[in-house]
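# A closer look at the structure
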Amino acid sequence: MQAEFEYLQQLAQQYHQFSEDPAQLYAHLERLDQQTMQNLLNKYQQLPFQPIQLLRTECLRQLLTQQKIDSGKVEEIKQRIRQKNRSYFAHLDADTLDQLDVYPLSNRDPFHGYQKPFSVFLPLLFEGEIQKKTRAYLEKIGQQLSASLHLKKYVVKIGDFRSSSPFGSSTASITIHLDIPQGHLRSNQFLLKIGNISTAGKMAAARLSPDKMVENQLWVVQSYAEVQTIFEQIKPEVVTFNDIILGIEPPLDSSYLPSEAPFGDSAPAATLAKEPEATYIPRYRYEDDPDRPFIPTEQFVRLMHLLKRKRNVILQGPPGVGKTFLATKLAYGLMGFKDSAQIQRLQFHQSYSYEDFVQGLRPAPNGGFELRNGVFYQLCQAAQAHPDRAYFLIIDEINRGNLSKILGELLQLIEADKRAETYAVRLTYSRATDPDFFVPPNLYLIGTMNTADRSLAIIDYALRRRFAFIDIEPCYDQSFVDHLQKQGVSAILAQFIAQQIPRLNDEIARDPNLGKDFRLGHSYFCTYSPALDEWQWYQDLLRYEIRPMLEEMWFDQPERVDKIFQNLEIARP
């Protein structure tokens, strides 16, 4: 099944690129051979008249005559159709022109659902043998999953790139639900979504009461084997709840259901609180996130795959590049959900110790000392109790702590290939009756490191080998400008910032006493809100945040600071 999965994954990634970047879509259309385009033109000319079909046939005709198609041309053709411009379509037969004349145009634009070029042209790409092959592979994977899980009371339903949405989609899906009337609405489902980032997991149906529904949760998958493993892990819970729907009593073994207290008696009260039933946790897709970092989807996916493989990563870069912000988004992306309950955050400092992080003796309320588990120990316990969930520890300023001292014997256990009970060790403060400790594979470490602070200790090579290091750069491109404008900053000021700060950063990077680690990150300029006067906001930012840093960098060159500061100032219009 891996070959079929990879084919669908590659097709989904290509369609995602077409959806995000129309230029790639138009270039692909222009590369279609003449015979293919002629066959498509013949097919669409036979369809009943609709404005969208006329748009497609006209684009095909122009491609066949070696004319260039782009967004401007598509909008022009749309406008000619809205105007019922017979002279523009004089090459069409009289019957088609008559249908154009009498076609009723209401207040709603006939191209209302076809704003994206991808929606317009997907039927030209996803048809014929490609569509047949895709549907056959989806059905094959779905049936194989159902058979391997022995789901005899279940049925497979597929959604290809056209059936998933009336306007097309870059995502295909496979659902497995109870074989009952309206089973997709009345039973919990196994769900596989194949897209730019593929996910698999469990989903409750829309018409279930809270006491009959599973907790919605999807995990990122990169292979058929991972899909099968996830479905096997969630099968007890999904089947148990669906048996309730069928009127079958659940088994006496309560291990079928999720644990309510994964941390044990020593967990904080907030952690031990029972999870509310049927709590809605929104799904997360990076490409749909309106508040995403200034990095392209393809790079985000690579970082997410790196985190999944390595288990431990450190995001490093100058101050203000959004390292902590990106760390949270990576956790959401790998989970497939915006579930902060599975994310623990802390910040290292020089006084942070092994006893705080792992385990140690602490003063007891009634005198003496008692053994207490640290943050990392508790999170590992939670991850072991829920192996079907991903847990994340985000450590800000990870290089501010003495890492060898904080981690102790865990230095070996955090390696990706040592995440198993086979490598369990006895902890320093463990009692004779305590089990050996290991770090579970579903726990991920994300550290952030400010590379501008040279007073911090250098991470030793033994520890460095356990982490992948990811450089995060300042970003002042068009996505940054668009973000400022969405926040309410005027186009003039947004463009000015995007032009002047990179020049300042270039000067900082060229200085042999500073270097690229002292550049200014874009987060400094993401603090505007519409309630502020934007010019006063920018002046305050320069005077009280940017200038003090420049004076610190060039403390012996006040004239240089004055000149740079003048270049950053802009007069109120």
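Just above, that's the structure.
Conventions used here
Residues numbered from 1 in each chain as written. Predicted model: local features only at pLDDT ≥ 70, side-chain atom pairs only at ≥ 80, totals over all residues. Heavy atoms only, no water. Helix = DSSP H or I, 4+ residues; strand = E, 2+ residues; numbered from the N terminus. Buried < 20%, exposed > 50% of the residue type's maximum accessible area, 1.4 Å probe, protein only. Contact = heavy atoms within 4.5 Å. Areas by Shrake-Rupley, 256 points an atom, 1.4 Å probe, with all protein chains shown as cover. Core = buried A, V, L, I, M, F, W, Y, C linked by side-chain atoms within 4.5 Å. Expected span 1.5 Å × (residues − 1). Arc of directions from axis to C-beta. Polar contact = N/O pair within 3.5 Å; in protein donor to acceptor, adjacent residues only side chain to side chain. Axes fitted to C-alpha atoms, helices over the stretch in contact; angles between N-to-C directions. Left-handed = near helix turned anticlockwise from the far one by under 90°. Nonpolar A, V, L, I, M, F, W, Y, C, P; charged D, E, K, R; others polar. Pairing = 2+ DSSP bridges. Phe/Tyr/Trp six-rings, centres within 6.5 Å; stacked < 30°, edge-to-face > 60°. Lys NZ or Arg CZ within 6 Å of the ring centre and 35° of its normal.

## Some thoughts on the overall build of the protein
The number of helices and strands found in the protein is 22 helices and twelve strands. When each of the 573 residues of the protein is scored for burial, the buried share is 49%. When contacts within the protein are restricted to residue pairs at least 6 apart in sequence, long-range pairs at least 24 apart make up 66% of them. Roughly 27,900 Å² of accessible area belongs to the protein as shown, and the carbon and sulfur atoms make up 50% of that amount.

## Some details on the environment of Pro110
Along the chain, Pro110 falls in the loop between helix 6 (94-102) and helix 7 (117-125). Distance from Pro110 to Lys78, taken between C-alpha atoms, is 9.0 Å for residues 32 residues apart in sequence. Setting aside chain neighbours within four positions, we find Pro110 in contact with Pro51, Arg82 and Leu105.

## Here we look at the nonpolar core
Counting residues in each nonpolar core, the largest one holds 70 residues, and the members touching the most others are Tyr15, Leu55, Phe89, Phe121, Phe190, Leu192 and Phe231. The biggest single contributor to this core is helix 10 (residues 224-246), with eight residues. Apart from residues no more than four positions distant in its own chain, Leu55 is found in contact with Val74, Ile77, Lys78, Ile81, Phe111 and Val120. The next biggest cluster of nonpolar side chains, apart from the first, holds 34 residues, and it includes Ile501, Tyr524, Phe525 and Leu541.

## Brief notes about helix 3 (residues 34-45)
Over its twelve residues, helix 3 extends 16 Å from the first C-alpha to the last, a length consistent with the 16 Å expected when each residue adds 1.5 Å. Burial in helix 3 covers these residues: Met37, Leu40, Leu41 and Tyr44. Down the axis of helix 3, the buried side of the element spans an arc of 100 degrees, and every buried residue falls inside it. Packed against the buried residues of helix 3 are helix 2 (22-30), helix 4 (51-64) and helix 7. For helix 3, the side-chain oxygen to backbone nitrogen distance between the N-cap and Gln35 is 3.2 Å, and the N-cap itself is Asp33.

## As for the environment of Tyr332
Summarising the element assignment, Tyr332 is placed in helix 13 (residues 323-335). Owing to a relative accessible area of 9%, Tyr332 belongs among the buried residues under this scheme. Sequence separation between Tyr332 and Gln342 is ten residues, and the spatial gap between their C-alpha atoms is 9.5 Å.

## Describing the packing of helix 1 (residues 2-20) against helix 7
At a closest axis distance of 10 Å, the pairing of helix 1 and helix 7 adopts a crossing angle of 145 degrees. Along this stretch, helix 1 crosses helix 7, giving a crossing that reads as right-handed. Taking contact as the criterion, the partners of Tyr15, Phe18 and Ser19 in helix 1 are, on helix 7, Phe118, Leu122 and Leu125. Of the residues assigned to the contact of helix 1 with helix 7, the class counts are five nonpolar, one polar and no charged.

## A look at the pairing of strand 11 (residues 443-450)
Counted residue by residue, strand 11 has eight buried out of eight residues, so it is predominantly covered. What you see with strand 11 is no split at all: Leu443, Leu445, Gly447 and Met449 on one side and Tyr444, Ile446, Thr448 and Asn450 on the other are buried throughout. One ladder, built from five bridges, connects strand 10 (residues 391-396) with strand 11; its direction is parallel. Within strand 11, the residue paired with Ile395 across the bridge is Gly447.

## Brief notes about the packing of aromatic side chains
Centre distance and the angle of the planes are the two values used to describe a pair of aromatic rings. With the rule as written, the count across this model stands at 25 aromatic pairs. Through a chain of ring-to-ring contacts, the aromatic side chains of Tyr15, Phe18, Phe118, Phe126 and Phe161 assemble into a single cluster. A cation over an aromatic ring shows up here: Arg464 above the ring of Phe469, its NZ or CZ 4.3 Å from the ring centre. For Arg547, the ring lying beneath its charged end belongs to Phe565, and the centroid distance is 4.8 Å.

## With respect to the sheet that holds strand 6 (residues 312-317)
If you walk across this open sheet you meet the five strands as 7-10-11-6-12, and the pairing is parallel. Looking at the sheet topology across the chains shown, the edges are occupied by strand 7 (343-347) and strand 12 (468-471). Each adjacent strand pair in this sheet contributes to an overall mean axis angle of 20 degrees, direction not counted. Pairing geometry for strand 7 and strand 10, over five bridges, is parallel. Note that in strand 10 the partner of Gln344 across the bridge is Leu393. Set on the sheet, helix 13 makes contact with strand 6, strand 7, strand 10 and strand 11; between it and strand 11 the angle comes to about 165 degrees.

## Topic: the sheet that holds strand 2 (residues 172-178)
Here we have five strands laid out as an open sheet, ordered 1-2-3-4-5, and antiparallel in their pairing. With one partner strand each, in any of the chains shown, strand 1 (154-159) and strand 5 (217-220) form the two edges of the open sheet. Averaged over all neighbouring strand pairs, the angle between strand axes comes to 15 degrees, with direction disregarded. As paired elements, strand 4 (residues 199-203) and strand 5 share four bridges and run antiparallel to each other. By the bridge assignment for strand 5, Gly201 is matched with Leu218.

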